[in-house]
Structures are given as C-alpha cells and as structure tokens.
Amino acid sequence: MTWTLTSDVSAYAEAAEPWLLRDHVRNTVLLTVLRWIRSGQYSDPLMGWFVEHGEVRGALCHTPPYPLLLGSSPFAELPALVGQLVNRGRELPGVTGPVETVSTFASAWWQPEKERRSERLYRLAMLVAPGGPDGRSALYGPGRARVATLDDLPTAVHWFRAFQTEAHVDVSADPGPVVSARLNRNELVWWELAGRPVSLAGVSTPISGMSRIGPVFTPPEFRRHGYGSAVTYAATRKAIDDGATEVLLFTDLSNPVSNSIYQSIGYVPVSDYATITFS
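Keep in mind that this is a model prediction, so the values were computed, not measured. (Residues numbered from 1 in each chain as written. Predicted model: local features only at pLDDT ≥ 70, side-chain atom pairs only at ≥ 80, totals over all residues. Heavy atoms only, no water.)

(A) A look at the overall build of the chain. If you tally the helices and strands in the chain, you get eight helices and 12 strands. The C-alpha radius of gyration computed for the chain amounts to 19 Å, which stays within 12% of the reference 19 Å derived for 279 residues, consistent with globular compactness. For the chain, the spread of C-alpha atoms along the principal axes amounts to about 60 × 35 × 35 Å. The proportion of buried residues among the 279 residues of the chain is 52%. Here the contacts in the chain between residues at least 6 apart in sequence split such that 71% fall between residues at least 24 apart. Within the structure as shown, the chain displays about 12,700 Å² of accessible surface, and the carbon and sulfur contribution to it stands at 52%. (Helix = DSSP H or I, 4+ residues; strand = E, 2+ residues; numbered from the N terminus. Rg over C-alpha atoms; globule rule 2.2 N^0.38 Å. Buried < 20%, exposed > 50% of the residue type's maximum accessible area, 1.4 Å probe, protein only. Contact = heavy atoms within 4.5 Å. Areas by Shrake-Rupley, 256 points an atom, 1.4 Å probe, with all protein chains shown as cover.)

Written out as structure tokens, the structure is:
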C-alpha cells in the first residue's frame, strides 16, 4: 500500500487514467486537468496515485497556484500522503475534492483550515429550456448565444478575474493562460444582448463522453434577467452537440439561486464536494 508521486504525466496517465475513467463523472476535474497538463498548460505539476493490493484506489493532482485536487481515496492512507507532500516541501494553498476525503486530508495537514467552500456536483438528466420572468422561454426573447473567439480574450479574462474575486476561488491565479487555451478550444459561450455580452459560461470539450459546464458568471448589473439560465442552457446544448453523453456542473451551496436555476433546466445532484483553503 503506497502513494506514488511524480511529475511525469505519462507515468501518471498510464497508472491512474484507467481508474479515473471508471467513474468519469465524479473524477471530472481530475480528468480535465490531466488533459491540460498533457497540453503543457501548467508548470511544476505534481501527480500521484495510491495502490492497494495491486489496484489503484486513489489519485491526486497539484498544479500551482491552484489547490491540491484529490479523488476519492482511502481515508486511513491520507496522513501518509500528507507526510510525503511535507517531505517534498510542497506548498498547498488548499485542497479540493469529495467532502469526506478533503476533510480527512485537511485534518492531517500541518496548516489549519482557514475557509471552506461547500459545493455540489450535478449531472444533466434532461435538458429543459429555461423560462423567462413572464413565463416565456428566455431563448425566444431578446439575446442570443455565441461561442467566444480570440478577439474576446481581454473581456473574457476580465470576467474570469471578476468571477474568481466574487467566488473567492483561485484568487491568486492568473486566468489569462486558462482563458486563452479555452478560447482556442471553443470552450467559452457568451449570452449577448444587442451584441453586448451579458453572461458567460465555460463548457469543456468532452472527455470519454463527459463535459463540464463552468464557470458561469453574470456581472451584477445584468442579473435577475434570466441571462445566467440562458447561457447555461446554451453551453449545455453545445456540450451535447459536441458529443457529450454526460454533462456536469458544480455549484456553490451557499448560493441557492444558482442551485435552483440549474435544477430548473434539468440538472440533478450527484454528490457533495468541498474546497478548503489553509492559513
């Protein structure tokens, strides 16, 4: 029984990817980040997997300055993982993953928990067009969806920064490289009103039939008009058209409005996650 840590993405993929793909819904973030590491998007990545009785039973990934990503792992083995990371001198701003797993890890980490963001993973059951304030579908009212292009880079980066600040996630991370890469992959969708962006949604290129929506952001001045629902519907529709058989998204459980919106267009809960930041 041991954790293996490496910076070799090929070794990590050979060992851990088959395990990740067994439950590509719950491992959606780890699979997406693996794709980004393969493309050279991050510097100094650290990856790892846990083997018990000859079988992989857990996996992790860390891409500074983001939190450590943990997949579901045997709780009793997490203190040993903490020891290995400390011995390597690995600095972690936080940890994110299934709520019980990250809670166990955080209790063994040498820094105290500073803040916790409770999240819920949803999957699409059946896509339902959103209704506008007057009961008509927002899709048939003013506005239209448009896939963002590289010309949208400055605006998209600004909106990502605003999302990070408001949601208190990845605040120290420069969104520029991520936004640029996502624009190149046609992974950002605007909802526009009279040619002006009023809401934004990300949609990942399908991996093993799985696509994830996020982030979804509407600036404060454009809220309460149904634009968030409309852009989420449009991004979900794009994921399906691109071949996704599973469409997923995460919500902040402290925001009942967004949770209600996503359920109203056909998303159902899967399981709970958390992001814990350290002091």
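(B) Highlighting the pairing of strand S5 (residues 94-98). Buried residues dominate S5, accounting for five of its five residues. This β-α-β element, strand S4 (residues 68-70) to helix H3 (residues 78-87) to S5, shows right-handed connectivity. Here S5 pairs with strand S12 (residues 267-278) via five bridges, running antiparallel. Residue Gly-94 lies in a different strand from S12, and its bridge partner there is Thr-277. (Right-handed = clockwise from strand over helix to strand, strands pointing away. Pairing = 2+ DSSP bridges.)

(C) Examining the pattern of salt bridges more closely. Applying the stated rule across the entire model yields 19 salt bridges. With a closest N to O distance of 2.7 Å, Glu-17 and Arg-38 form a salt bridge. Residue Glu-17 is found in helix H1 (residues 9-22), and its partner Arg-38 is found in helix H2 (residues 28-38); the two are separated by 21 residues along the sequence. Residue classification places Glu-17 among the buried residues on the basis of a relative accessible area of 18%. By relative accessible area, Arg-38 is classed as partly exposed at 46%. Where Arg-182 meets Glu-187, a salt bridge forms, and the shortest distance between an N and an O atom there is 3.1 Å. (Salt bridge = Lys/Arg side-chain N within 4 Å of Asp/Glu carboxyl O.)

(D) Fine view of H3. Those residues of H3 lying buried are Leu-78, Leu-81, Val-82 and Leu-85. Down the axis of H3, the smallest arc covering the buried residues is 105°, so these residues share one side. Among the structural elements, strand S1 (2-6), strand S2 (46-52), strand S3 (55-62), S4 and helix H4 (99-108) are those in contact with the buried residues of H3. Phi turns positive, to about 75°, at Gly-89, one or two residues after H3. (Arc of directions from axis to C-beta.)

(E) Up close: the confidence of the model for the chain. Per-residue pLDDT for the chain averages 93, and the proportion of residues at 70 or more is 96%. By mean pLDDT, the top-scoring element of the chain is S4 (98), and the lowest-scoring one is helix H8 (residues 256-264) (90). (pLDDT = per-residue confidence, 0-100.)

(F) Up close: the sheet that holds strand S7 (residues 144-147). Strand order in the open sheet made by the 12 strands is S1-S2-S3-S4-S5-S12-S6-S11-S10-S9-S8-S7, with mixed pairing throughout. The open sheet is flanked by S1 and S7, the only strands paired with a single partner. Neighbour-to-neighbour, the strand axes of the sheet open up by a mean angle of 25°, direction not taken into account. Taken together, the five bridges between S1 and S2 define a ladder with antiparallel strand orientation. In the strand pairing of S2, Thr-2 is matched with Val-51. (Axes fitted to C-alpha atoms, helices over the stretch in contact; angles between N-to-C directions.)

(G) How the structure looks around the packing of H1 against H2. With their axes 11 Å apart at the nearest point, H1 and H2 run at an angle of 155° to one another. If you check the angle between H1 and H2, you find them roughly antiparallel. Between H1 and H2 lies a crossing of left-handed hand. For the pair H1 and H2, contact is made by Val-9, Tyr-12, Ala-13, Glu-17, Leu-20 and Leu-21 and by Leu-30, Leu-31, Leu-34, Ile-37 and Arg-38, respectively. (Parallel < 35°, antiparallel > 145°, perpendicular 65-115°, else oblique. Left-handed = near helix turned anticlockwise from the far one by under 90°.)

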